[in-house]
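Next come the chains, spelled out residue by residue.
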Amino acid sequence: MSSPRLLAVDTATDTVHLVLVDGPDRLVRALPGGAQASATLLPQVAALLAEAGLALRDLDAIGYGRGPGAFTGLRTACAIAQGLAVGAGRPMLALDTLAALAACARRRLGAEATPAVWSALDARMGEIYAARWTAVPGGGWQADGAVALWSPAALAEAIAACPAPIAGNALLAQAEVLQPLATALGLATDAQAVPDGLALAELARAAWAAGAMLDPAVALPLYVRDKVAQTTAEREAAARAARGEAA
């Protein structure tokens, strides 16, 4: 089908991003994330379908932001998308959250200025989820390496070795490292770029065109970090280090 009907959701960050694609038309929503996400997402999906005059079974596929990102958020997006896909008897599309972030930055900064983007998402605990993405002619994005969990210093070295504009909220969370680097290298930055509905629509259409459909039974989040929280001792040690105190 040249003009598919697609639903896509990403809950990897503090905001839930939702889009309904109906041929050339796109209906988007940005909703509060966190603990409210699972309670509000299904009613918002129903409202979006009603606005478009569609039923769930009218969709061709359902996409989800597979991450990386907040552990609970990734599970929420995958589980809800799976439930909808199974209920509708439709396939799924696994969409990379960092690729959506790159797509948003390219739209905001201008396509000519951003043939490639370093997507850098705050991973908390002093680390960053990041990867370098290159725009694919005709739509979509290709990672130039594995999506990984980086220390700020290691990511700075990687960006210096292969420069490209930097996008994502890690520019704020790790501003003392990334902002001077971007200035020194003359790189454009977009700290406000997010995996928004328009970006999800771009990725979902590209995935559909590429035939990258998934059986809902095998859909999984992308967990880059195995450890999702610090112990009390680790938090106290980090606080002492921030104050310049000895262990």
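Residues numbered from 1 in each chain as written. Predicted model: local features only at pLDDT ≥ 70, side-chain atom pairs only at ≥ 80, totals over all residues. Heavy atoms only, no water.

Colleague: Looking at this model, I keep getting lost on the sheet that holds strand β3 (residues 25-32). Mind explaining?
Modeller: Remark on secondary structure: sheet strands pair via backbone hydrogen bonds, oriented parallel or antiparallel. Ordered in space as β3-β2-β1-β4-β5, the five strands form an open sheet in which the pairing is mixed. Only two strands of the sheet have a single partner each, and these edge strands are β3 and β5 (92-96). Neighbour-to-neighbour, the strand axes of the sheet open up by a mean angle of 20 degrees, direction not taken into account. Of the strand pairs in this sheet, strand β1 (residues 5-10) and strand β2 (residues 15-22) are connected by six bridges, and their pairing is antiparallel. If you follow leucine 7 over to β2, its bridge partner there is leucine 20. Where helix α1 (residues 37-52) meets the sheet, its contacts fall on β1, β2 and β3, and the angle it forms with β2 comes to roughly 20 degrees. (Pairing = 2+ DSSP bridges. Helix = DSSP H or I, 4+ residues; strand = E, 2+ residues; numbered from the N terminus. Axes fitted to C-alpha atoms, helices over the stretch in contact; angles between N-to-C directions. Contact = heavy atoms within 4.5 Å.)

Colleague: Is there a simple way to think about the packing of aromatic side chains in this case?
Modeller: Here the distance between the centres and the angle between the planes together describe a pair of aromatic rings. Evaluated as defined, the whole model comprises two aromatic pairs. Between the aromatic rings of tryptophan 118 and tryptophan 150, the centroid separation amounts to 6.1 Å while the plane-to-plane angle is 85 degrees, which identifies the pairing as edge-to-face. In this pair, tryptophan 118 sits in strand β6 (residues 116-122) while tryptophan 150 sits in strand β9 (residues 148-150), placing the two residues 32 residues apart along the sequence. For tryptophan 118, a relative accessible area of 6% translates into the label buried. (Phe/Tyr/Trp six-rings, centres within 6.5 Å; stacked < 30°, edge-to-face > 60°. Buried < 20%, exposed > 50% of the residue type's maximum accessible area, 1.4 Å probe, protein only.)

Colleague: Is there a simple way to think about the pairing of β2 in this case?
Modeller: Every regular strand shows the same layout, with side chains that alternate between the two sheet faces. The element β2 is extensively covered by neighbouring structure, given that six of its eight residues are classed as buried. Hairpin remark: β1 followed by β2, antiparallel, with four residues in the connecting loop. Relative to β3, β2 runs antiparallel, the two sharing eight bridges. Looking at β3, one finds that threonine 15 is bridged to proline 32. Connecting the antiparallel pair β2 and β3 is a turn made up of two residues, with glycine 23 showing a positive phi of about 60 degrees.

Colleague: I would appreciate a short explanation of the environment of arginine 124 in the present structure.
Modeller: For arginine 124, the location among the structural elements is in the loop between β6 and β7 (128-135). For the pair arginine 124 and glutamine 174, spaced 50 residues apart in sequence, the C-alpha to C-alpha distance is 10.0 Å. Excluding residues that lie within four positions of it along the chain, arginine 124 makes contacts with Asp14 and Arg225.

Colleague: Would you explain unusual backbone geometry in this entry?
Modeller: With the exception of glycine, most residues fall at negative phi, and the peptide bonds are largely trans. Glycine 67 connects to proline 68 through a cis peptide bond whose omega is 5 degrees. Looking at the secondary structure, you find proline 68 in the loop between β4 (61-67) and α2 (71-88). Of note, the phi angle at arginine 124 is positive, near 60 degrees, even though the residue is not glycine. Unlike most non-glycine residues, methionine 125 shows phi in positive territory, near 55 degrees. Note on placement: methionine 125 falls in the loop between β6 and β7.

Colleague: Looking at this model, I keep getting lost on the packing of helix α4 (residues 152-161) against helix α6 (residues 175-185). Mind explaining?
Modeller: The relative placement of two packed helices is expressed as an angle between their axes plus a distance between the axes. As a packed pair, α4 and α6 sit with axes 10 Å apart at the nearest point and diverge in direction by 15 degrees. Put simply, α4 runs roughly parallel to α6. The handedness of the crossing between α4 and α6 is right-handed. Of the residues in α6, those in contact with Pro152, Leu155, Ala156, Ile159 and Ala160 of α4 are Val177, Leu178, Leu181 and Leu185. In terms of residue class, the contact of α4 with α6 is made up of nine nonpolar, no polar and no charged. (Parallel < 35°, antiparallel > 145°, perpendicular 65-115°, else oblique. Left-handed = near helix turned anticlockwise from the far one by under 90°. Nonpolar A, V, L, I, M, F, W, Y, C, P; charged D, E, K, R; others polar.)

Geometric descriptors of this kind do not, in isolation, establish any biological role.
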